[in-house]
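# Chains, contacts and geometry: an overview
Here's the letter readout for the chains.
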Amino acid sequence: MNYENIRLETRGPVALITLNRPKAFNALSNDLMDELTHALDAVETDVAIRAIVLTGGEKVFAAGADIKGMKDYSYMDAYQGNFITRNWERASRCRKPIVAAVAGYALGGGCELAMMCDFILAADTAKFGQPEIKLGILPGAGGTQRLTRLIGKSKAMELCLTGRMMDVQEAERAGLVSRIVPVAELIEEAVKVAETIASYSMPAVMMTKECINRSYETTLAEGLLFERRTFHAVFATADQKEGMDAFSSKRPADFKHR
Ligand code: DAK
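Predicted, not measured: the structure shown is a model, and the values here were computed from it.

With that out of the way, let us pick up the sheet that holds strand β5 (residues 98–102). In spatial order, the strands read β1-β2-β3-β5-β7-β10; together these six strands make up an open sheet with mixed pairing. A single partner strand is all that each edge strand has here, and the edge strands are β1 (6–11) and β10 (179–181). Across this sheet, the average inter-strand angle for adjacent strands is 25°, counted without regard to direction. As defined by bridge partners, β1 adjoins strand β2 (residues 14–19) across six bridges and the pair is classed as antiparallel.

This is the structure we're talking about:
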């Protein structure tokens, strides 16, 4: 597939996907989301890739779903066309780790897409918000759900009901972003973080991600049981033997991702 709305590059074991519709502030059109879905399918099946960075531009990560593209949709267009569900949720189903590297605006669907990633590394210029209420609609790609789980009811309610944007310091305090870095260093830092993750045992990374995500879906007792069973299973990997042998022999581990 020829990408016109995104760029896909590889940096060793890291895939760097850049949203690339700068004139439309990276508005998330159907074509862009089809391309992103395609790119994530491709990197997910590529065994050489062990971590993904999803980013936008310096000024804007993504200003939301494409308002001009959807303004004339009828209910039937949205429902029968499986709007959002058809091609928006691939990032949330990715088994490999995805780091969102956000600079500038992450609004509406842009904020929702960032929250579908595993964590958000934010530039000091980042701004987050769910301004859908100003358009006479509501968040439709997880904004009322993921944002509430990440930052709590009070702040999520205020942001979704007023459409107010949060600056990056507020977003970090609220727990939406893991860390703030200077905008000029964002991509370099995100790739470095992704490279660190990619240097570890891939099965252990995937299992860790699965366990943390499970904590959102279940009770503590069920989550602990899931973690324990997964932890037992990691002893079936060659990488567990290698990691522990390397530690005992005081040498760097040479993980085979098996
Ligand atoms: N869609 C389309 N075009 C957009 C856009 C968007 N979301 N955001 C910006 N643009 C375009 C502008 O129209 C403008 O295009 P030209 O006029 O140059 O052709 C260009 O990008 C630059 O924008 P501005 O001229 O407005 O630039 P400013 O610096 O003045 O302002 C801004 C930047 C990001 C604050 C402003 O553009 C803005 O407020 N944008 C809209 C943000 C927003 O409302 N986002 C939420 C979108 S709604 C659903 C599920 C999910 C959704 C919907 C339905 N269902 C299940 C049914 C999701 C909805 C959303 O995300």
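Taking 1.5 Å as the rise per residue, helix α8 (residues 186–199) with 14 residues should run 20 Å; its terminal C-alpha atoms sit 20 Å apart, in good agreement. Taken as a whole, α8 has its buried residues at Leu186, Glu189, Ala190, Val191, Val193, Ala194, Ile197 and Ala198.

A separate point is the environment of methionine 1. By the secondary structure assignment, methionine 1 is in the segment before β1. For the pair methionine 1 and alanine 39, spaced 38 residues apart in sequence, the C-alpha to C-alpha distance is 8.8 Å. Apart from the residues within four sequence positions on either side, methionine 1 is in contact with Asp34, Glu35 and His38.

On to the pairing of strand β7 (residues 119–123). Within β7, four of the five residues are buried, which leaves the element mostly enclosed by the surrounding structure. The sheet contact formed by β5 and β7 spans four bridges and is parallel. For valine 102, the partnering residue across the bridge sits in β7 and is alanine 122. Looking at chain direction, β7 and β10 are connected through three bridges and run parallel. Bridging across to β10, leucine 121 finds its partner in arginine 179.

What follows is about the packing of helix α4 (residues 109–116) against helix α5 (residues 143–151). At a minimum axis distance of 10 Å, the contact between α4 and α5 shows a crossing angle of 55°. The pairing of α4 with α5 is recorded here as oblique in orientation. Where α4 crosses over α5, the two elements pack in a sense that is left-handed. Taken together, the residues of α5 that come into contact with α4 (itself represented by Glu112, Met115 and Met116) are Gly143, Arg146, Leu147 and Leu150. A per-class count over the contact of α4 with α5 returns four nonpolar, one polar and two charged.

Attention now goes to the side chain of glutamate 132. Looking at where glutamate 132 falls in the secondary structure, it is placed in the loop between β8 (127–129) and α5. Here glutamate 132 is buried and forms no salt bridge, its nearest opposite-charge partner lysine 134 lying at an N-O distance of 9.8 Å. For glutamate 132, the contacting residues outside a window of four places in its chain are Gly108, Gly109, Glu112, Ile137, Leu138 and Pro139.

Thresholds, definitions, all that
Residues numbered from 1 in each chain as written. Predicted model: local features only at pLDDT ≥ 70, side-chain atom pairs only at ≥ 80, totals over all residues. Heavy atoms only, no water. Pairing = 2+ DSSP bridges. Helix = DSSP H or I, 4+ residues; strand = E, 2+ residues; numbered from the N terminus. Axes fitted to C-alpha atoms, helices over the stretch in contact; angles between N-to-C directions. Expected span 1.5 Å × (residues − 1). Buried < 20%, exposed > 50% of the residue type's maximum accessible area, 1.4 Å probe, protein only. Contact = heavy atoms within 4.5 Å. Parallel < 35°, antiparallel > 145°, perpendicular 65-115°, else oblique. Left-handed = near helix turned anticlockwise from the far one by under 90°. Nonpolar A, V, L, I, M, F, W, Y, C, P; charged D, E, K, R; others polar. Lys, Arg positive; Asp, Glu negative; His and termini not counted. Salt bridge = Lys/Arg side-chain N within 4 Å of Asp/Glu carboxyl O.

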